[in-house]
Amino acid sequence: MMNALASTSRNFRNAARLLGLDSNLEKSLLMPYKEIKFECTIRKDDGTLVSYVGYRIQHDNSRGPMKGGIRYHPKAEHDEINALAQLMTWKTAVVNVPYGGAKGGIACSPKDLSISELERLTRVFTLKIHDAIGVNVDVPAPDMGTNAQTMAWISDEYSKFHGYSPEIVTGKPIELGGSLGREAATGRGVVYATEALLAEHDKSIKGSTFVIQGFGNVGSWVARLIHERGGKIIAVSDISGALKNTNGIDIPALLEHKETNGSLISFDGGDMINGDELLTQECDVLVPCALSGVLTRENAGEVKAKFVIEAANNPTDPEADEILSQKGVVILPDIYANAGGVTVSHFELVQNNQNVMWDEDNVNAQLKKYMSGAFNSIKSMCQTHECNLRMGAYTLGVGRVAKCTLLRGWGS
Ligand SMILES: NC(=O)C1=CN([C@@H]2O[C@H](COP(=O)(O)OP(=O)(O)OC[C@H]3O[C@@H](n4cnc5c(N)ncnc54)[C@H](O)[C@@H]3O)[C@@H](O)[C@H]2O)C=CC1
Ligand SMILES: O=C(O)CCC(=O)C(=O)O
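Residues numbered from 1 in each chain as written. Chains lettered and ligands numbered in written order. Predicted model: local features only at pLDDT ≥ 70, side-chain atom pairs only at ≥ 80, totals over all residues. Heavy atoms only, no water.

The name given to the chain in an unreviewed UniProt entry is Glutamate dehydrogenase, and the organism recorded there is Tagetes erecta. What the UniProt record of the chain gives under Sequence similarities (unreviewed entry) is the line "Belongs to the Glu/Leu/Phe/Val dehydrogenases family." (UniProt positions renumbered as here; feature names shortened; annotations may be inferred.)

Colleague: Sorry, what's going on with the packing of aromatic side chains here?
Modeller: Given two aromatic rings, one states the distance between the centres and the angle between the planes to describe the pair. Counted by the stated rule, this structure contains five aromatic pairs. Centre to centre, the rings of tyrosine 336 and phenylalanine 375 are 6.0 Å apart; their planes meet at 40°, and the pair counts as tilted. Pair noted here: tyrosine 336 is in helix H11 (residues 334-337) and phenylalanine 375 is in helix H13 (residues 360-385), with a separation of 39 residues, a long-range link. Relative accessible area serves as the criterion here: at 0%, tyrosine 336 is assigned to the buried category. On the accessibility criterion, phenylalanine 375 (6% relative accessible area) is buried. Pairing phenylalanine 347 with tryptophan 358 gives two aromatic rings, centres 5.2 Å apart and planes at 40°, and the pair type is tilted. Of this pair, phenylalanine 347 sits in helix H12 (residues 340-354) while tryptophan 358 sits in the loop between H12 and H13; the two residues are 11 residues apart in sequence, bridging distant segments of the chain. Each of the two residues, phenylalanine 347 as well as tryptophan 358, counts as buried. An aromatic cluster is built from Phe347, Trp358 and Tyr370, whose rings are joined through pairwise contacts. Just above the ring of tryptophan 221 sits the side chain of arginine 224; from NZ or CZ to the centre is 4.1 Å. (Phe/Tyr/Trp six-rings, centres within 6.5 Å; stacked < 30°, edge-to-face > 60°. Helix = DSSP H or I, 4+ residues; strand = E, 2+ residues; numbered from the N terminus. Buried < 20%, exposed > 50% of the residue type's maximum accessible area, 1.4 Å probe, protein only. Lys NZ or Arg CZ within 6 Å of the ring centre and 35° of its normal.)

Colleague: I would appreciate a short explanation of the UniProt feature "active site" (unreviewed entry) in the chain in the present structure.
Modeller: Those places that UniProt annotates as "active site" (unreviewed entry) correspond, in this numbering, to Lys103. The exposure class assigned to lysine 103 is buried, which follows from its relative accessible area of 2%. Beyond its immediate chain neighbours, meaning those up to four positions away, lysine 103 contacts Tyr55, Arg56, Ile57, Gly68, Gly69, Ile81, Leu84, Ala85, Met88, Asp143 and Asn313. (Contact = heavy atoms within 4.5 Å.)

Colleague: Teacher, can you tell me more about H12 here?
Modeller: Each α-helix turn comprises 3.6 residues. Residues three or four places apart therefore point the same way. With 15 residues, H12 ought to run about 21 Å at 1.5 Å a step, and its terminal C-alpha atoms sit 21 Å apart, in line with that. Gly340, Gly341, Val342, Thr343, Val344, Ser345, His346, Phe347, Glu348, Leu349, Gln351 and Asn352 are the residues of H12 that are buried. In this structure, the buried side of H12 is in contact with strand S3 (66-72), helix H3 (78-94), strand S5 (138-142), helix H6 (182-200) and H13. After H12 finishes, the residue asparagine 355 shows a positive phi value of roughly 55°. (Expected span 1.5 Å × (residues − 1).)

Colleague: Would you mind showing me how to read the site of ligand 2 here?
Modeller: Close contacts around ligand 2 come from 14 residues, with Lys67, Gly69, Lys91, Lys103 and Ser345 the closest. Residue serine 345 places a side-chain N or O atom 2.6 Å away from an oxygen atom belonging to ligand 2. Contact with the protein chains hides 96% of the accessible area of ligand 2, taken as 290 Å² for the molecule alone. The set of elements that each furnish at least two residues to the shell around ligand 2 consists of S3, H3 and H12. (Near = heavy atom within 4 Å. Polar contact = N/O pair within 3.5 Å; in protein donor to acceptor, adjacent residues only side chain to side chain. Areas by Shrake-Rupley, 256 points an atom, 1.4 Å probe, with all protein chains shown as cover.)

Colleague: For this particular structure, what's the right way to read the domain arrangement of the chain?
Modeller: It is common to give the size of an interface as the accessible area lost on bringing the parts into contact. Its domain assignment divides the chain into domain 1 (32-165) and domain 2 (185-332). Here the C-alpha centroids of domain 1 and domain 2 sit 27 Å apart. A combined buried area of about 540 Å² lies between domain 1 and domain 2, and 53% of that area is made up of carbon and sulfur atoms. Interface area lost by domain 1 to domain 2 is led by Glu80, Leu87 and Met144, which between them contribute 45%. The tally of links from domain 1 across to domain 2 stands at zero salt bridges. Remark: the boundary between domain 1 and domain 2 carries two residue pairs in polar contact (both at pLDDT 80 or more). Here the side of domain 1 that touches domain 2 takes four residues from H3, the largest share from any one element. (Domains from an automatic or database assignment. Buried area = accessible area lost by both parts, 1.4 Å probe. Salt bridge = Lys/Arg side-chain N within 4 Å of Asp/Glu carboxyl O.)

Spelled out as structure tokens, the structure:
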């Protein structure tokens, strides 16, 4: 598996070359605006001390305040967070929402911490970054291992220093100013993007078979919405294992099972298979919704899907990208496919600024408009630069960021 930062930087450089960017501008666009690395020590419930490393990496703010999630995961380390921050910069530009890119996280295993330990950890994290974020500077959101409750703690801790500030985060609980539809937004955006891509190939979700890796926020919403549209999901996985049923998994029953049991284990509507095997199952569409670097040069040759929809950030190593492209697999890149989350985060901030609440149908209709608009813009970049969808999305995003950087006169 390739280092995440090397992988995203390689994609960026290829796009910069297609756009003919000046090499000094290229260097400046790649370099993070600011990196913050800090200690997060808390007392555990049993009285012992435990220390973790926290990060907030702010990549670029030429198009607006920096924006991006907070990840709690053992692999949330420097290069991973840096790569994710960079992806946010291109992603916000691809869907044309007025933000830059950032990402943060703590290298910890949230499932090993109690709720009160997670709350203390989140408050320490916020204490360490409160003077580096701000509504006009950098606005965090949920990512792997964090959720609306985490955002509520961040907002509460931040408010102790800066006055009541619910808009310091997005993806917060509805009761505290969150947007209807934000929880489902990333998965819903993935499904809108999938519909747009399949339609181009005279296919639809109904009548296609799907394999989904990851059954958390994004994966479970993708599964639910694909199932609702008549798609047949033949395998899903989470950290506990992978489940296969070639007749189609009963997703509502699996969601209920997960709600009660916390994982996919012991669901009786399919057979357990090895997690690695999941990626190489016979299917039309493979949707990675978990970690980065899961499609590598080792397994790409074995992938049988015709379409890969990158709901996860950075799931495909560049070598795997090449192998899959040579095989004719069509890849819908992360910086477009999973941009529904940040798009509805933007709607959340618009609602906060105006002190209004949109109904969910309006949120979803606006999300669809942004996703279709971005798909058409990517396709037109593909024609201009005679490139694949990943480079179409990168040239669109990088080009917009470069334009704003130059317009603002930086480096002059
Ligand atoms: N939450 C959001 O709004 C957004 C999330 N994303 C990306 O989507 C991906 C998933 O994020 P969330 O669903 O929010 O996280 P989550 O923490 O809610 O869920 C993660 C899921 O991945 C599973 N998982 C972890 N390791 C695994 C492994 N080795 N094999 C199979 N499954 C595994 C977990 O069991 C869990 O089901 C990440 O790459 C994230 O960066 C992208 C855009 C926005
Ligand atoms: O909603 C947001 O601001 C960011 C979501 C995110 O972290 C992502 O798109 O990877």
